[in-house]
Amino acid sequence: MSRISLPHPGAFSPSRRRFVTGLAAGGALLGLGINPATGRAAATPPGRQQVLSGTRFDLTYSPTPINLTGAERQATAINGTVPAPVLRWREGDTVTLKVTNHLAEDASIHWHGLILPSSQDGVPHISDGFEGIPPGESFTYQFPVKQSGTYWYHSHSGFHEQTGSYGAIIIDPAGPEPFACDRDYALVLSDWSDEDPNHIYATLKKLSHYYNFRERTIFDALAEIREKGWAGYRAERDMWDTMRMSDRDISDVTGYTYTFLMNGVTPAEGWKGLFRRGERVRLRIINAAAMTFFDLRIPGLEMTVVAADGQNIEPVTVDELRLGVAETYDVIVRPQDDRPYTVFAQAIDRSGYARGTLTPDLALAGEVPEMDPAPILTHGDMGMDMAAMGHAGHDMGANDSADGGMPAMDHSGHDMGGMDHSGHDMGGMEARPAIGSGTAGYGSSRPVVHADTEYGPHIDMRADAPQYRLDDPGVGLRDNGRRVLTYADLFNIGATPDPREPGREIDLHLTGNMSRYMWSMDGIKFADAEPLGLKFGERVRINLINDTMMNHPIHLHGMWSDLETGDPGRIPRKHTVIVQPGARISYLVTADAMGGWAYHCHLLYHMPGMFRKVVVS
């Protein structure tokens, strides 16, 4: 049996709880403008982030007063700031980082997405020989920098990440990049609560929908009865009730308690970054939130996505993209007018947003758009085979369900060929293997089987026909009139580093009981699970099946997750992969890093259960 560090009761104790909204006022920090040639601030927006560059760093944890909502609280800040300083490294260097802990409990730092020895990965009781940093002591990390791109670092102890222990990492490449830019900004998105995170977790355990103020009402029921008749209404409700589910369960923790931040700045104030007309501006977008998915767009500007999770991809131009917790995307925009543009990142449940402004003049701020309607889950998000149930063509809701999830379900049904990439760049090409055909790059052909451990009161749902939905932008983004990035758009800019076929496959079901706030893999919580063993050097396929109605961002430490998007020659590499509700997804892993590694859902309050230790030996 393995264990991870959970916070001690009272480890973080704000003076009092206070209701805040996602739009609360206040804030003291603004953003960062980096000239890519010098690594220094290109302008002087008020409250810019601290940037540390070089090869030796001193980082210090300390309880730090912070006021983001009008009430002072204590953050677990690193070097006194939230977010923590930006660390700027160079590929090929060896970095040394001395981390000192002035908190009252153990601390740690994990370097998210970096390829390094297990002993330096910073996960207490999982990383080789690392037990955390006790109060008053220091730990010195040292490792070679083997990659370039945009990454981030955060605590892996207790709930410190929720209270401000995160920051950006920018690694400049040893050689030239495949694209050019004139200006470079890191945008760190996060969610702050004045509540003690221990209290948030305890509340979720007692009443999982406590923070959800969009549950169904009698008025919703009456509207549906008028639309579908009593029989249609009752048939649909019965399906949800049988599963003990709500189609409004989009986020566990919402803007009811969260203030959403961009580079530590509240929406009321707004982060700002300067540009000159015609410049190519690179935005390094990092979702460092504890629990919030963000949908980001810049009205009036197209975004060319050039990197995913730090790795360069074939550029693809979109209007909007979704960032699961812990994902990063690099985009390039080119403003052509001398006017402000709003960087708008709305929470997936539309309970609030973070915002900033790209502007030629710091005195200007962009107009803030209206948030999109709150999304509603569909039966397709339950992993149901609607065709087999006789519901093909049925209108499953007033939101995006009929146009988004259901056609995807109808396409695929039992036939995985329905999810090929005809919508991407494969038009005119003769038949390629379909997604789900089993060869490298195309996902698994194995049938989905639910183990005995998935049955019982700890599980409230099993997807009976989970589909690959790579070209589905996800709930709330389907058919919204904007070009939205999907995983089907991601292709590595170079050849696949390891083109081998997988030697074996591992199925992992993401499981839980939402009403009791119990999370697990294969129906087994982390505390009761045996480590997952990989043989050094093997190429293995991991198939994730989401048997819940939540999106889960799954992060494998220490090794790349080579996401199978339909081209074996250009498989994109990611460190964090979203698994949509009721869906499946596959990636290949080369087990080239010896030792113990964490593997888990990156939603902070899911992590205690939906977690595994991976051992490569």
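Residues numbered from 1 in each chain as written. Predicted model: local features only at pLDDT ≥ 70, side-chain atom pairs only at ≥ 80, totals over all residues. Heavy atoms only, no water.

Focus: the sheet that holds strand E5 (residues 94–101)
Item 1. Strand order in the open sheet formed by four strands is E3-E2-E5-E7, with mixed pairing between adjacent strands. Every other strand in the sheet has two partners, leaving strand E3 (72–78) and strand E7 (138–144) as the edge strands with one partner each. For this sheet, the mean inter-axis angle between neighbouring strands, taken without regard to orientation, is 20°.
Item 2. Judged from the six bridges that link them, strand E2 (residues 56–67) and E5 form a sheet pairing that is parallel. Opposite Asp58, over in E5, you have Lys98 as the bridge partner. (Pairing = 2+ DSSP bridges. Helix = DSSP H or I, 4+ residues; strand = E, 2+ residues; numbered from the N terminus. Axes fitted to C-alpha atoms, helices over the stretch in contact; angles between N-to-C directions.)

Side note on the nonpolar core
Item 1. One finds Trp89, Trp111, Leu358 and Tyr605 to be the most contacted residues of the largest nonpolar core, which totals 145 residues.
Item 2. In terms of residue count, the dominant contributor to this core is strand E10 (residues 183–193) (six residues).
Item 3. Look past the residues within four positions of Leu358 in its chain and what remains in contact with it is Tyr185, Trp271, Gly273, Phe275, Val281, Leu283, Ile298, Val333, Arg339, Pro340, Tyr341 and Val343. (Core = buried A, V, L, I, M, F, W, Y, C linked by side-chain atoms within 4.5 Å. Buried < 20%, exposed > 50% of the residue type's maximum accessible area, 1.4 Å probe, protein only. Contact = heavy atoms within 4.5 Å.)

Observations concerning the sheet that holds strand E9 (residues 166–172)
Item 1. Pairing is mixed in the open sheet, where five strands are placed in the order E1-E4-E9-E8-E6. In this open sheet, the two edge strands, each paired with only one partner strand, are strand E1 (51–53) and strand E6 (110–112). Going from strand to strand, the sheet's axes swing by 25° on average, the running direction of each strand aside.
Item 2. Pairing analysis gives three bridges linking E1 to strand E4 (residues 86–90), with the strands arranged parallel. Paired with Leu52 across the strands is Leu87, a residue of E4.

Focus on the pattern of salt bridges
Item 1. Taken as a whole, this structure holds 34 salt bridges when the rule is applied.
Item 2. Residue Asp247 is joined to Arg248 by a salt bridge in which the shortest nitrogen-to-oxygen separation is 3.4 Å. The two residues Asp247 and Arg248 agree in class, both being buried.
Item 3. With a shortest N-O distance of 2.7 Å, Asp295 and Arg322 are connected by a salt bridge. A residue pair is termed long-range when its members are at least 10 positions apart, and Asp295 in strand E14 (residues 294–297) and Arg322 in strand E17 (residues 320–323) qualify at 27 residues.
Item 4. Given the relative accessible area of 0%, Asp295 is considered buried.
Item 5. It is possible to trace a salt-bridge network through shared partners that takes in Arg88, Asp172, Glu177, Asp184, Arg282, Arg284 and Asp330. (Salt bridge = Lys/Arg side-chain N within 4 Å of Asp/Glu carboxyl O.)

Regarding the side chain of Ser108
Item 1. Looking at the element boundaries, Ser108 is found in the loop between E5 and E6.
Item 2. A distance of 2.8 Å separates the side chain of Ser108 from the side chain of Ser157, its partner in a polar contact.
Item 3. The residues contacting Ser108, other than those within four sequence positions of it, are Tyr61, Gly122, Pro124, Phe130, Ile133, Tyr141, His154, Ser155, His156 and Ser157. (Polar contact = N/O pair within 3.5 Å; in protein donor to acceptor, adjacent residues only side chain to side chain.)

Considerations on the packing of aromatic side chains
Item 1. Inspection of every chain in the model, using the stated rule, returns 23 aromatic pairs.
Item 2. Seen from their ring centres, Phe213 and Tyr256 are 4.5 Å apart, and the 35° between their planes marks the pair as tilted. Of this pair, Phe213 sits in the loop between helix H1 (197–206) and helix H2 (218–242) while Tyr256 sits in the loop between H2 and strand E11 (258–262), and the two are 43 residues apart along the sequence.
Item 3. By relative accessible area, which is 58% here, Phe213 ends up exposed.
Item 4. Ring-pair connections join several aromatic residues into one group, and the members of that group are Phe57, Trp89, Trp111, Phe130, Phe139, Tyr141, Phe143 and Tyr153. (Phe/Tyr/Trp six-rings, centres within 6.5 Å; stacked < 30°, edge-to-face > 60°.)

A few points about unusual backbone geometry
Item 1. The omega torsion of the bond from Val82 to Pro83 falls at 0°, within 30 degrees of zero and hence cis.
Item 2. By secondary structure assignment, the location of Pro83 is in the loop between E3 and E4.
Item 3. Positive phi, close to 55°, is recorded for Asn263, a residue that is not glycine.
Item 4. Examined against the element boundaries, Asn263 turns out to sit in the loop between E11 and strand E12 (271–274).
Item 5. Of note in the backbone geometry, Asp522 takes a positive phi value of approximately 55° without being a glycine.
Item 6. For Asp522, the position within the fold is in the loop between strand E23 (518–521) and strand E24 (532–534).

Some thoughts on the pairing of E2
Item 1. With seven bridges joining them, E2 and E3 adopt antiparallel strand pairing. Pairing of Thr64 across the sheet is with Ala75, part of E3.
Item 2. Linking E2 to E3, which pair antiparallel, is a turn of four residues; within it Gly70 sits at a positive phi near 100°.

A word on the confidence of the model for the chain
Item 1. On average, residues of the chain score 86 in pLDDT, and 84% of them reach the 70 mark or higher.
Item 2. The low-confidence segment residues 389–424, where pLDDT is below 50, has 86 contacts with residues more than four positions distant or belonging to other chains. (pLDDT = per-residue confidence, 0-100.)

Things to note about the pairing of strand E30 (residues 583–590)
Item 1. Most of E30 is tucked away, with eight of its eight residues classed as buried.
Item 2. Both faces of E30 are covered, namely the face carrying Ala583, Ile585, Tyr587 and Val589 and the face carrying Arg584, Ser586, Leu588 and Thr590.
Item 3. In this structure, strand E21 (residues 467–468) lies alongside E30, joined through two bridges in parallel fashion. Looking at the pairing, Gln467 lines up with Ala583 of E30.
Item 4. Two elements, strand E25 (residues 539–546) and E30, share seven bridges in a ladder whose sense is antiparallel. Each residue of the ladder has a partner; that of Asn543, found in E30, is Ser586.
Item 5. Sheet topology places strand E27 (residues 561–563) next to E30; two bridges connect them, and they run antiparallel. Residue Leu563 lies in a different strand from E30, and its bridge partner there is Tyr587.

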